[in-house]
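Next come the chains, spelled out residue by residue.
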Amino acid sequence: MILLALLALPLPGMAQGGADKAPVKGVGAAKEGDLVTVKGQEFRLFGIDAPDKGQTCVNVRGQNYDCFALATRILSLLINGMTIECTPRGESPAKGPKLAVCRAENGDDLAYAMVERGMALAYRPLSFDYVSIEARAISFRRGLWGGRVEPPWLWRSRETEKKLDEMRKP
């Protein structure tokens, strides 16, 4: 009986209620390298993390570049005005946009496509779905992996610490 009750509970990170899980379909647009809009709703691509605004990476020649802008541009090119369908997978841990698996009208999983091109990283605290494709992107030095990229979650943490240190100064 207890086992049945436990099976009925939602898994952590999963959306509750049928309306939250209903797919949203429409012309998509890239807002960030891991954030899309469809019909005025924002969806964070489930299982990945892409560079944040202000984040820079280092290319193979040792030069800094705006990897946030590059990742956003690549996602925009992948969507290219196509209809996309986003199926919610829960709320973002940071209380941001809903997490979703988003597919282009040609069937491509946008998160998979971004990791495959080396433009986003598999976000292991949430999912292991894209770890093997990330390993392949790393081995072929695709995209961000052609130089040096700091994982976005580490970059955000470091930036938060910097801001806190600034606030603590007299």
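Here is a short report on the structure shown in this document. Just so we're clear, the structure is a prediction, and the values are computed from it rather than from any experiment.

## A word on the overall build of the protein chain
For step 1, the next point in the chain: Each helix and strand counted, the protein chain has six helices and nine strands in total.
For step 2, the next point in the chain: Looking at the 170 residues of the protein chain, the share that counts as buried comes to 38%.
For step 3, the next point in the chain: Long-range contacts, defined here as pairs at least 24 residues apart, represent 58% of the contacts in the protein chain between residues at least 6 apart.
For step 4, the next point in the chain: A total accessible area of about 10,000 Å² is found for the protein chain, and carbon and sulfur atoms account for 57% of it.

## A few points about the nonpolar core
For step 1, the next point in the chain: In this structure, Val36, Leu110 and Met114 are the most contacted members of the largest nonpolar core, which totals 35 residues.
For step 2, the next point in the chain: For this core, the secondary structure elements donating two or more residues are β2 (35-38), β3 (41-45), α3 (67-79), β7 (83-91), β8 (98-104), α4 (110-116), β9 (121-122) and α5 (131-139).
For step 3, the next point in the chain: No other element matches the six residues that α3 contributes to this core.
For step 4, the next point in the chain: Residues contacting Met114, with those up to four places away along its chain left out, are Gly33, Ile48, Ala71, Ile74, Leu75, Leu78, Met119 and Ala120.

## Points about α3
For step 1, the next point in the chain: The end-to-end C-alpha distance of α3, which contains 13 residues, comes to 18 Å, matching closely the 18 Å that a straight helix rising 1.5 Å per residue would cover.
For step 2, the next point in the chain: Within α3, burial applies to Cys67, Phe68, Ala71, Thr72, Ile74, Leu75, Leu78 and Ile79. Across the axial projection of α3, the buried residues extend over an arc of 160°, all falling on one side.
For step 3, the next point in the chain: A side-chain oxygen of the first residue of α3 lies 3.2 Å from the backbone nitrogen of Phe68; this N-cap is Asp66.

## Observations concerning the pattern of salt bridges
Opposite charge on two side chains allows them to pair when their charged atoms are near.
For step 1, the next point in the chain: Under the criterion given, the structure shown has ten salt bridges.
For step 2, the next point in the chain: Note that Glu159 is salt-bridged to Lys162, the shortest N-O span being 3.2 Å. Of this pair, Glu159 and Lys162 both sit in helix α6 (residues 152-168), separated by three residues, roughly a single helical turn.
For step 3, the next point in the chain: Put simply, Glu150, Arg158, Glu159 and Lys162 are held in one network by salt bridges that share partners.

## Notes on the environment of Trp145
For step 1, the next point in the chain: Here Trp145 lies in the loop between α5 and α6.
For step 2, the next point in the chain: Relative accessible area serves as the criterion here: at 17%, Trp145 is assigned to the buried category.
For step 3, the next point in the chain: Put simply, Trp145 and Val58 are 87 residues apart on the chain and 9.4 Å apart in space, counted from C-alpha to C-alpha.
For step 4, the next point in the chain: Setting aside anything within four residues of it in sequence, one finds Trp145 in contact with Gly118, Leu121, Glu134, Ala137 and Ile138.

## Details of the state of the cysteines
For step 1, the next point in the chain: In total, this model carries two disulfides according to the counting rule given.
For step 2, the next point in the chain: Note that Cys57 is cross-linked by a disulfide to Cys67, the S-S spacing being 2.2 Å. Since a negative S-S torsion denotes a left-handed disulfide, the Cys57-Cys67 link at about 75° is right-handed. With Cys57 in strand β5 (residues 56-58) and Cys67 in helix α3, this pair connects stretches of sequence that are ten residues apart. For the pair formed by Cys57 and Cys67, the shared burial category is buried.
For step 3, the next point in the chain: Described in terms of the sequence order of its bonded cysteines, the disulfide pattern of the protein chain is 1-2, 3-4.

Reading the values: the criteria
- Residues numbered from 1 in each chain as written.
- Predicted model: local features only at pLDDT ≥ 70, side-chain atom pairs only at ≥ 80, totals over all residues.
- Heavy atoms only, no water.
- Helix = DSSP H or I, 4+ residues; strand = E, 2+ residues; numbered from the N terminus.
- Buried < 20%, exposed > 50% of the residue type's maximum accessible area, 1.4 Å probe, protein only.
- Contact = heavy atoms within 4.5 Å.
- Areas by Shrake-Rupley, 256 points an atom, 1.4 Å probe, with all protein chains shown as cover.
- Core = buried A, V, L, I, M, F, W, Y, C linked by side-chain atoms within 4.5 Å.
- Expected span 1.5 Å × (residues − 1).
- Arc of directions from axis to C-beta.
- Polar contact = N/O pair within 3.5 Å; in protein donor to acceptor, adjacent residues only side chain to side chain.
- Salt bridge = Lys/Arg side-chain N within 4 Å of Asp/Glu carboxyl O.
- Disulfide = S-S within 2.5 Å.

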